[in-house]
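The primary structure of each chain is shown beneath.
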Amino acid sequence: MKLESVIGLIGAGTMGAAIAQGAAVSGYRVILNDRDARVVERAMAQIKGSLARAVDKGRMGAADADAAFARLTPSTSLADLVSCGLVIEAIVENFDAKADLFRTLSAIVSPQALIATNTSSLKVDDLAASVSSPERFLGLHYFFPAAVNPLLEIVRGKSTSSDAMDKAAAFAKATAKQAIRCRDAYGFAVNRYFVPYLNEAARLLDEGGNAGEIDLAVVQGFGTAVGPFKLMDISKPVIALHACRTLAVMGPFYAPATSLVRIGESGELWNAELPASIDPARAATIVQRLQGAVLTAVLEALDEEVAAPDDFDLGARIGLQWTWQPCVGARAIGRDATERLVARHFQGRPLPRSLQLF
Ligand SMILES: NC(=O)c1ccc[n+]([C@@H]2O[C@H](COP(=O)([O-])OP(=O)(O)OC[C@H]3O[C@@H](n4cnc5c(N)ncnc54)[C@H](O)[C@@H]3O)[C@@H](O)[C@H]2O)c1
């Protein structure tokens, strides 16, 4: 996507505002649209504040920050997007709202303009039915906080052209994102295994485990700053429950744990308290259970050709900040040990073919 192209962002909420900021900082002119004028105003003020903080911290020059802000145009009318080369939709996660928007937008932008959705849980192919010339339609799935998180999934639907994928990859590069190309599948590449990782922690709790111990074992074993329960508390457990329910159409392995349903539906938090230490053997058992869940999802996704092994690892490293990476990890322990980690999830059904990769 050439720097001369104008980028449209529809939905100036948490994700839309942050994506717009990142594109403007990278040199693109951006039209930031929301149907609610107060939301656009608030987003512009937030971006201004965020750029000012970057200047204060010495991460950006004042002139660059001013120039980035000047590249942003607030908008409440979709007609303003007429000259955009790429429009990214980041409105509410509701199929009918998005489909309606794509029907309207298709009649406004040129047939060559790329149209992308930032949906987390809907199928790109289902949404593509509402886009004219669907070969220019794809998913651009950003990760929170989108202004700074370097990971981006570029999701190819059945109709998406190679040209659209290449242009999206160029846009990702120009906006300093590290992109994973993946197929349109539930959870795409990263949430496909990240959600089962959270869910397996809840399953351990259902089996009598202790949330604080699980968090501590995972912090040590996966090299994360916080464990799964603390992380779910930050983004609200109901979000994890919703994501889990989306994946559950793929079978019982993805179905939410009893405790996740209870905490998610009640609106409570896990409030896990980290113990000072944990018995190394106990920690190893916990870590292996979570690695087994991650690898189960990754092996199934590899069989479905959702993404390449390196891309699953990139997601873990860059997006989730794990030091343990599923495919590097499986390669290190070899096929038989990997099979032992995942065996509990394949009782009565064939093992994934991709086990042979390791
Ligand atoms: N929040 C996250 O961590 C995250 C991560 C990845 C993807 N996503 C996805 O990004 C999308 C947006 O999520 P969010 O958290 O930014 O939501 P949000 O609620 O913060 O913002 C959504 C915005 O869309 C606006 N809107 C709704 N309908 C509109 C329409 N027809 N036209 C113009 N504006 C409209 C609303 O006024 C609101 O400001 C969702 O699809 C979500 O699944 C979210």
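Residues numbered from 1 in each chain as written. Predicted model: local features only at pLDDT ≥ 70, side-chain atom pairs only at ≥ 80, totals over all residues. Heavy atoms only, no water.

Asks: What am I meant to see in the packing of helix α8 (residues 211-222) against helix α12 (residues 280-303) here?
Replies: Geometry of a packed helix pair, given as the angle between the helix axes and the separation of the axes. At a minimum axis distance of 9 Å, the contact between α8 and α12 shows a crossing angle of 75°. Between α8 and α12, the crossing angle belongs to the class labelled roughly perpendicular. The segment α8 lies against α12, with E213, I214, A217, V218, Q220, G221 and F222 engaging R282, A283, I286, V287, L290 and Q291. By residue class, the composition of the contact of α8 with α12 is eight nonpolar, three polar and two charged. (Axes fitted to C-alpha atoms, helices over the stretch in contact; angles between N-to-C directions. Helix = DSSP H or I, 4+ residues; strand = E, 2+ residues; numbered from the N terminus. Parallel < 35°, antiparallel > 145°, perpendicular 65-115°, else oblique. Contact = heavy atoms within 4.5 Å. Nonpolar A, V, L, I, M, F, W, Y, C, P; charged D, E, K, R; others polar.)

Asks: Mind showing me how you'd approach the domain arrangement of the chain here?
Replies: Interfaces are often described in size by the accessible area the parts lose on coming together. Taken domain by domain, the chain holds domain 1 (6-183) and domain 2 (190-357). For domain 1 and domain 2, the distance between their C-alpha centroids amounts to 30 Å. Carbon and sulfur atoms supply 58% of the area buried between domain 1 and domain 2, which totals about 1000 Å² over both sides. Here domain 1 and domain 2 share zero salt bridges between them. Where domain 1 touches domain 2, the interface holds four residue pairs in polar contact (both at pLDDT 80 or more). For the side of domain 1 that touches domain 2, the secondary structure elements donating two or more residues are β7 (151-156) and β8 (178-183). Each residue belonging to the side of domain 1 that touches domain 2 can be placed in one class, and the counts come to six nonpolar, four polar and three charged. (Domains from an automatic or database assignment. Buried area = accessible area lost by both parts, 1.4 Å probe. Salt bridge = Lys/Arg side-chain N within 4 Å of Asp/Glu carboxyl O. Polar contact = N/O pair within 3.5 Å; in protein donor to acceptor, adjacent residues only side chain to side chain.)

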